[in-house]
Amino acid sequence: MELAEKVINRQAGLANERSKFDKIWVETAERLDPFGSILEGRRGDMSKMFSSRPLQDLARFSAAIESLLIPRGSIWHGLEPVDDDLRESDEIQAWAEQRTKKLFSIRYMARSGFVSNTQRMFRSLGCYGNQVLMTEEVLSRGPGGEDLPPIRYRMIPIIECFLATTAWGQVDTFYRVYKLTLRQIIDEFGLEALPEFLMTRLDKPDLLEEKFEIIHAIDTTLSGDTQTALPWPSVHVLKGHHHVLRQSGYYEFPIHASSFVESDGEAYGWGPGMMALPDIKQLNVMNKTTIAAAEQAVSPAFATVQKLKRRLNLSANAINPDLVTDDGRLKIQPIVTGARPDIGEQLIAKKQMDISANFYGDLWQILVNKPDMTAYEAALRAQEKNELIGPPFAKQEEMLASMVMRENAILERQAEDGIIDLPPRPDGLEGKSLTLKFTSPMAKLRRAAEDVGIQRTLETAAQQAQFDPTIMDNFDHDRIIRARADINGMPADLMRPVEDVQASRQAKIDAEQQQLMAAQQAQDVDTAGKALPIMETLGAAGLNPDQIPEGEV
């Protein structure tokens, strides 16, 4: 009971700290996410939406981030040792390639949930400025005894999350409040975890779908109160009944959270949807006003000289008798208000551009390369893109790095337990730490400046080499080409090891020397063959060839 009480009180305190964001999240959901969990009880309410344009901008934003950071169908990160000396080892590079491919094969397994949950995660980032992903280690089997992915992924809606950070601003405390039916509670925690009052309901099938509120806490301050010895204690509590359903723990912090624009001293941040909210509200008002003006222009009200005893028939080819005076004037006239819906449309177009700018819509246009660009122009363009869109994405890469490190730790534990197979670490890497190397399109944009610098320097050197060819001796072309291959994301296993390249070059040199020696020998034999008849003639004449002056033979 004391542990349950502590969890409930801690969650209440975190909820109070988060309350300043709740209102703006609700307003954002009403205009950008009408079917999201934030509008519980009002899901599907689109009464405050008068344009689909903001939804299109949000969808484009989330798709762009996915394609830049974690594009499906490509390797968007690698692994490498922290020690710089080990990074040059071909053996370690080959091992890192194998381990990375294993990570990707598991991450994209059919039932892991990675793709669908990361898509929802990036949508949350664009809409509410925050995203939370949970990586869960799986040791059980499916209902039919089938194998499950070693890791499962779950995007946690921000409205369910209550976070706290370290003094350095890193999220290290996670509380989640969510609802499960009684049937789901039994599936998740087992019958033995139920409190006594719920056990009495098992014989009433209609009550199995009744929902109960649950708190999941991952909090190091609970270490002294829980039964786990793992570094990150985990507790599930039946909130309304102060009952602990489960105590467990994690080897690593399983929550990976980030914000788009951080708020000072807060665990939560701002996103494009929140920043565009004032413009979206104005756009809705403009749409309503412009529609009303267009209706007045297309179907105006009418003024008459006297009260009509019948309704006007404005249908095509209709006849309305007795509405024309003897001198040909209409007894009824449209009321011209002077409404200008065209001006409203211009203002709407401007406001839509402002909303799109909040979602980086103008920058997505920059990402479209022209097919006729040279390699140099493409490199310069990539450098410009990175300067414009790189900073907000750095936080998302940091979050993904924490996810990959936990994934790798999970796989190594399961390999030690014989659950999965992994290529063993090379001897030089035993006990060494690994770090992440991003190879995503965003990472390539970030390193485009390096490629531009190399390219500019080589072009300048080529110009000077026309006057002094020795200028090219300043460059280590082998290292340059390997550096550019790394910058452009070329797989390491497609590059020949340095030792193999050197051996191949030496073999070519040896072959060339052998050919020169063979040619020299052939020339000596030919020369000797031509001189033999002369020597025989001189010998028959009793002359010594060595005593004949050169040139007199």
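See the structure above.
First things first, this report covers the structure right here in the doc. (Residues numbered from 1 in each chain as written. Predicted model: local features only at pLDDT ≥ 70, side-chain atom pairs only at ≥ 80, totals over all residues. Heavy atoms only, no water.)

1. A word on the overall build of the chain
Part 1: Across its full length, the chain holds 16 helices and 14 strands.
Part 2: Evaluated residue by residue, the chain yields a buried proportion of 39% over its 553 residues.
Part 3: Within the chain, contacts between residues separated by at least 24 positions form 69% of all contacts whose residues are at least 6 apart in sequence.
Part 4: Within the structure as shown, the chain displays about 31600 Å² of accessible surface, and the carbon and sulfur contribution to it stands at 52%. (Helix = DSSP H or I, 4+ residues; strand = E, 2+ residues; numbered from the N terminus. Buried < 20%, exposed > 50% of the residue type's maximum accessible area, 1.4 Å probe, protein only. Contact = heavy atoms within 4.5 Å. Areas by Shrake-Rupley, 256 points an atom, 1.4 Å probe, with all protein chains shown as cover.)

2. Some details on unusual backbone geometry
Part 1: We note that H242 has phi near 50 degrees; this positive angle belongs to a residue other than glycine.
Part 2: Note on placement: H242 falls in the loop between strand 7 (232-238) and strand 8 (243-250).

3. What about helix 2 (residues 53-69)?
Part 1: With 17 residues, helix 2 extends 24 Å from end C-alpha to end C-alpha; this agrees with the ideal 24 Å at 1.5 Å per step.
Part 2: The complete set of buried residues in helix 2 reads P54, D57, L58, F61, S62, A64, I65, E66, L68 and L69. (Expected span 1.5 Å × (residues − 1).)

4. Structural notes on the sheet that holds strand 8
For sheets, the rule is that strands pair by backbone hydrogen bonds, running either parallel or antiparallel.
Part 1: Taken in spatial order, the five strands of this open sheet run 4-5-6-7-8, and their pairing is antiparallel. Each edge of the sheet is formed by a strand with only one pairing partner; in this case those strands are strand 4 (161-165) and strand 8. Across the sheet, the mean angle separating the axes of adjacent strands is 15 degrees when strand polarity is ignored.
Part 2: Relative to strand 6 (residues 211-218), strand 5 (residues 171-181) runs antiparallel, the two sharing eight bridges. (Pairing = 2+ DSSP bridges. Axes fitted to C-alpha atoms, helices over the stretch in contact; angles between N-to-C directions.)

5. Details of the pattern of salt bridges
Part 1: Taken as a whole and judged by the stated rule, the model has 29 salt bridges.
Part 2: Between K239 and E213 there is a salt bridge, with its nearest N and O atoms 3.9 Å apart. Separated by 26 residues along the polypeptide, K239 in the loop between strand 7 and strand 8 and E213 in strand 6 bring together distant segments of the chain.
Part 3: Judged by relative accessible area, which is 33%, E213 ranks as partly exposed.
Part 4: When the shortest N-O distance is used, the salt bridge between E252 and R406 registers 2.8 Å. Taken as a pair, E252 in the loop between strand 8 and strand 9 (255-259) and R406 in helix 12 (residues 375-416) lie far apart in primary sequence, 154 residues in all. The burial state of E252 is the same as that of R406; both residues are buried.
Part 5: Three or more residues are tied together by salt bridges with common partners; here these are E30, R31, R42, D45 and K48. (Salt bridge = Lys/Arg side-chain N within 4 Å of Asp/Glu carboxyl O.)

6. Structural notes on the packing of aromatic side chains
Part 1: Applying the stated criterion to the full structure yields twelve aromatic pairs.
Part 2: Each ring, one from W25 and one from Y268, has its centre 5.7 Å from the other, and the planes form 80 degrees; the classification is edge-to-face. Taken together, the residues W25 in helix 1 (residues 2-32) and Y268 in the loop between strand 10 (261-262) and strand 11 (269-270) connect sequence positions 243 residues apart.
Part 3: Note on W25: relative accessible area 0%, which makes it buried.
Part 4: Between the aromatic rings of W232 and F253, the centroid separation amounts to 4.7 Å while the plane-to-plane angle is 35 degrees, which identifies the pairing as tilted. A residue pair is termed long-range when its members are at least 10 positions apart, and W232 in strand 7 and F253 in the loop between strand 8 and strand 9 qualify at 21 residues.
Part 5: The structure contains a cluster of three or more aromatic residues connected by ring pairs, namely W76, F104, Y108, F114 and Y153.
Part 6: Over the aromatic face of F114 sits the side chain of R107, whose NZ or CZ is 5.7 Å from the ring centroid. (Phe/Tyr/Trp six-rings, centres within 6.5 Å; stacked < 30°, edge-to-face > 60°. Lys NZ or Arg CZ within 6 Å of the ring centre and 35° of its normal.)

7. Topic: a nonpolar patch on the surface
Part 1: Nonpolar side chains collect at one region of the surface, where V261, W270 and M275 lie side by side and expose about 240 Å² of accessible area between them.
Part 2: With respect to the helices and strands, the residue V261 is situated in strand 10.
Part 3: Under the relative-accessibility criterion, V261 is labelled partly exposed at 34%. (Patch = residues over 30% accessible without salt bridge, like charges linked within 9 Å, V, L, I, M, F, W, Y side chains within 5 Å.)

8. Concerning the pairing of strand 4
Along any regular strand the residues' side chains alternate between the sheet's two faces.
Part 1: In terms of residue burial, strand 4 counts as a mostly covered element, since four of its five residues are buried.
Part 2: When strand 4 meets strand 5, the two strands line up antiparallel, connected through five bridges. If you follow T165 over to strand 5, its bridge partner there is V171.
Part 3: Counting the residues in the hairpin turn of strand 4 and strand 5 gives five residues, including G169, whose phi is positive at 85 degrees.

9. As for the pairing of strand 9
Part 1: With four of five residues buried, strand 9 lies mostly within the body of the structure.
Part 2: The pairing of strand 2 (residues 130-137) with strand 9 spans five bridges and is antiparallel. Note that in strand 9 the partner of Q131 across the bridge is S258.

10. Focus: the nonpolar core
Part 1: Counting residues in each nonpolar core, the largest one holds 84 residues, and the members touching the most others are V7, W25 and F174.
Part 2: Among all residues touching F174, those that are not within four sequence positions of it are V132, I156, C161, F162, L163, H216, A217, I218, F253 and I255.
Part 3: Ranked by size, the runner-up nonpolar core spans 13 residues in total, among them L182, A193, F212 and I214. (Core = buried A, V, L, I, M, F, W, Y, C linked by side-chain atoms within 4.5 Å.)

11. Overview of the packing of helix 2 against helix 5 (residues 114-128)
Part 1: For the pair helix 2 and helix 5, the least separation of the axes is 9 Å and the interaxial angle reads 125 degrees. One element, helix 2, and the other, helix 5, form an angle in the oblique class. When you trace helix 2 past helix 5, the crossing you get is right-handed. Counted together, L55, L58, F61, S62, I65, E66 and L69 of helix 2 and Q119, F122, R123, L125, G126 and C127 of helix 5 form the full contact between these two elements.
Part 2: For the contact of helix 2 with helix 5, the residue count by class is eight nonpolar, three polar and two charged. (Parallel < 35°, antiparallel > 145°, perpendicular 65-115°, else oblique. Left-handed = near helix turned anticlockwise from the far one by under 90°. Nonpolar A, V, L, I, M, F, W, Y, C, P; charged D, E, K, R; others polar.)

12. As for the packing of helix 1 against helix 5
Part 1: The interhelical angle for the contact between helix 1 and helix 5, taken along N-to-C directions, is 115 degrees, at an axis separation of 10 Å. In terms of axis orientation, helix 1 runs roughly perpendicular to helix 5. On helix 5, the residues touching W25, T28, A29 and L32 of helix 1 are R123, C127 and Y128.

13. So, the environment of D57
Part 1: Residue placement: D57 occurs in helix 2.
Part 2: The exposure class of D57 is buried, given its relative accessible area of 2%.
Part 3: Each C-alpha atom of the pair D57 and Y360 lies 8.7 Å from the other, and the pair is 303 residues apart in sequence.
Part 4: When neighbours within four sequence positions are excluded, D57 is seen to be in contact with Q352, I355, S356 and F359.

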